[in-house]
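So the chains spell out like this:
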Amino acid sequence: MNVKQDFDFRQGIVLEPEVSDFPLLKKAPFIDEGTDPIDPSRYYSPKFMAREWDKMWSRIWNFAGFSSDIPDIGDYFTYDLGPESFLIVRTGEGSVEAYYNVCQHRGRRLVEGDFGSVADSFTCPFHGWQYGLDGSLKQVTDRETFRPEALCGDLGLKRVRCETENGMIFLTIDSSAPPLKDALGIIPEHFAPFDIPKMKVVKEVTVEWPVNWKTAADVFYEAYHVHVLHPQITGAMDDYNVQIDLYDKGVSRFLVAFGRISPRWLDQESLNDDLKGMLSVAGLDDADFTGNLSSVRSAIASAMRSKFEAKGHDCSSYHDSQLVDSWNYGIFPNVQIGIYPEGALVQRWRPHPTDPEKCFFDVLNLVHPELAGLSPRDAYLDWRSDVNLDKYTRPPRQILRTEEEQRSGLGLVGYQDYENIIKVQPGMRSKGYEGVVLCEQESRIRHYHTEIDRYLSVS
Ligand code: FES
């Protein structure tokens, strides 16, 4: 195997060692978070789950959804997190508000659907109380039958703080949390080149998995497992020479080279079928490809650049790597976003309301309308289906209930991850297992767990 026998964990891997003038490729300084095993009880303990809710989920900024999903005043969507449900509403051209999704009369969930639009108010399905877009209580059915003092308090919807960054809407329950920008660390700077507000969600699926949310998230925070669980994608993906960067606030990323054979492959010389496939989707005929294997990525990047520029999209600010590779960011603690000029792949793990050994896994695919159509990395990972954005309507959230639905809704890679993690969760409870041992290829896992510990240690 053609891997680095002299691997230096302090230096790590640099994706483009010869490039020094592209700031977003810059390797982050090494952060030493030790080597101690992670206590498995955090993956199943109800007590830990309760502490996590009180000290972390209730204090952080949570990614709720995209502003492109609520373009017009009165548009809304709901977002469920643990035991809570939130209602996110477009209240003005540049303003979005978030409320607890609970009627102040008898506590009924106010809005049941995932998405929708109202003219100017929300009506509770129980007794018909009405709330304005600004959350105020506008109408009480049979008001005269309430004694005045019963209605004298503030009975408007309870507001939660909500901020938008580059088209991404976040909310926090904590009224004293620092501003969103502080919590996101490098994310605004690294996402600035991408026009997320223009991107459209073309697919959203949710599945309930019988594992703790961290059991699921951990898998997606490393590429170490790829050669074993997903060998089918290593013909055109270098799963070993992955640049891993750890940043402040529990944020991290990896940069994974596509269009390059895994060094674990014996044949490092042939233009294999996977590379041919990527070239072909980029519009290049592999029969005409005369370069050596090391030039496959630059050939794809150049083809992508031409494709995008032909559609009037300025690509001058992108590095070739952003046009070919996987740039995958982890926003603390439960969101991973692969971000590209032509779209984004969002993966999010949400805690279950009551059971520490269940979670919800959401996958959202976004496409930039000007750059719609398959790009090589999309096709390669089976991330998204082609869409007609001329007649765009926001697709409903699709709940994947059966194994068959998971297999088709998540794609092969996601389904392989599912098949694996359901065999990890029981191990966390085993008396024969002492703790999660991590290599440096898995340092992003330790990084977000360390940040969880930071929140949990605050009294
Ligand atoms: Fe909503 Fe009664 S619970 S109107």
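A. A look at the pairing of strand β12 (residues 237-246). Among the 10 residues of β12, 10 are classified as buried, and the element is accordingly described as predominantly covered. Of the strand pairs in this sheet, β12 and strand β13 (residues 252-258) are connected by 6 bridges, and their pairing is antiparallel. Residue D238 lies in a different strand from β13, and its bridge partner there is A257. The antiparallel pairing of β12 with β13 creates a hairpin that spans 5 residues between the two strands, and K249 there sits at a positive phi of about 65°.

B. Inspection of the environment of Q336 at higher detail. With respect to the secondary-structure elements, Q336 resides in strand β15 (residues 335-340). On the basis of relative accessibility, which here comes to 0%, the residue Q336 falls in the buried class. A C-alpha to C-alpha distance of 17 Å links Q336 and H225, two positions 111 residues apart in sequence. There is a polar contact of 3.1 Å between the side chain of Q336 and the side chain of R444.

C. Structural context of the packing of aromatic side chains. All chains considered together, the criterion is met by 19 aromatic pairs. Seen from their ring centres, F77 and F115 are 6.1 Å apart, and the 40° between their planes marks the pair as tilted. Here F115 lies in strand β5 (residues 115-117) and F77 lies in strand β2 (residues 75-81), a separation of 38 residues in the sequence. Here F77 falls in the buried class, since its relative accessible area comes to 1%. Considering the side-chain rings of F332 and Y455, the 5.6 Å spacing of their centres and the 10° angle between planes classify their relative orientation as stacked.

D. Summary view of the pairing of strand β3 (residues 84-92). Counting buried residues in β3 gives 7 out of 9 residues, a clear majority hidden from the surface. Where β3 lies against strand β4 (residues 95-100), 6 bridges are found, and the strand directions are antiparallel. By the bridge assignment, L87 is partnered in β4 with Y99. Linking β3 back to β4 in an antiparallel pair, the connection comprises 2 residues.

E. Representation of the sheet that holds strand β10 (residues 168-172) in the model. On the basis of which strands lie adjacent, the open sheet formed by 7 strands has the order β1-β10-β9-β4-β3-β2-β5 and antiparallel pairing. Edge positions in the open sheet fall to β1 (62-66) and β5, since each of these has one partner strand only. For this sheet, the mean angle separating the axes of adjacent strands, direction not counted, is 30°. Pairing between β2 and β5: 3 bridges, direction antiparallel. Looking at β5, one finds that Y76 is bridged to G116.

F. Main features of the pattern of salt bridges. Applying the stated rule across the entire model yields 27 salt bridges. In this structure, K138 engages D120 in a salt bridge whose closest nitrogen and oxygen atoms are separated by 3.9 Å. With K138 in strand β8 (residues 137-139) and D120 in the loop between β5 and β6 (121-123), this pair connects stretches of sequence that are 18 residues apart. Judged by its relative accessible area of 42%, D120 falls in the partly exposed class.

G. Geometry of the nonpolar core. Ranked by internal contacts, the top residues of the largest apolar core, which has 65 residues, are F66, M168, I337 and I339. At 6 residues, the largest contribution of residues to this core is made by helix α7 (residues 296-310). Other than its neighbours up to four places away in sequence, M168 contacts F63, G65, F66, E163, F191, I196, I331 and I337.

H. Main features of helix α6 (residues 273-281). Among the residues of α6, L275, M278 and L279 are the ones counted as buried. Looking straight down α6, one finds its buried side chains confined to an arc of 100°; they lie on one side. Measuring from the backbone nitrogen of D274 back to the side-chain oxygen at the start of α6 gives 3.0 Å, which picks out N272 as the cap. Downstream of α6 by one or two residues, G283 has phi in the positive range, about 95°.

I. Local environment of unusual backbone geometry. Geometrically, the link from F332 to P333 is a cis peptide bond, its omega value of -5° lying close to zero. Along the chain, the position of P333 falls in the loop between β14 (326-331) and β15. Positive phi is not limited to glycine here, since N166 has a value of about 45°. Tracing the chain through its elements places N166 in the loop between β9 (159-165) and β10. Despite not being glycine, K249 has its phi angle at roughly 65°, a positive value. Tracing the sequence through the fold places K249 in the loop between β12 and β13.

Scoring rules and cut-offs
- Residues numbered from 1 in each chain as written.
- Predicted model: local features only at pLDDT ≥ 70, side-chain atom pairs only at ≥ 80, totals over all residues.
- Heavy atoms only, no water.
- Buried < 20%, exposed > 50% of the residue type's maximum accessible area, 1.4 Å probe, protein only.
- Helix = DSSP H or I, 4+ residues; strand = E, 2+ residues; numbered from the N terminus.
- Pairing = 2+ DSSP bridges.
- Polar contact = N/O pair within 3.5 Å; in protein donor to acceptor, adjacent residues only side chain to side chain.
- Phe/Tyr/Trp six-rings, centres within 6.5 Å; stacked < 30°, edge-to-face > 60°.
- Axes fitted to C-alpha atoms, helices over the stretch in contact; angles between N-to-C directions.
- Salt bridge = Lys/Arg side-chain N within 4 Å of Asp/Glu carboxyl O.
- Core = buried A, V, L, I, M, F, W, Y, C linked by side-chain atoms within 4.5 Å.
- Contact = heavy atoms within 4.5 Å.
- Arc of directions from axis to C-beta.

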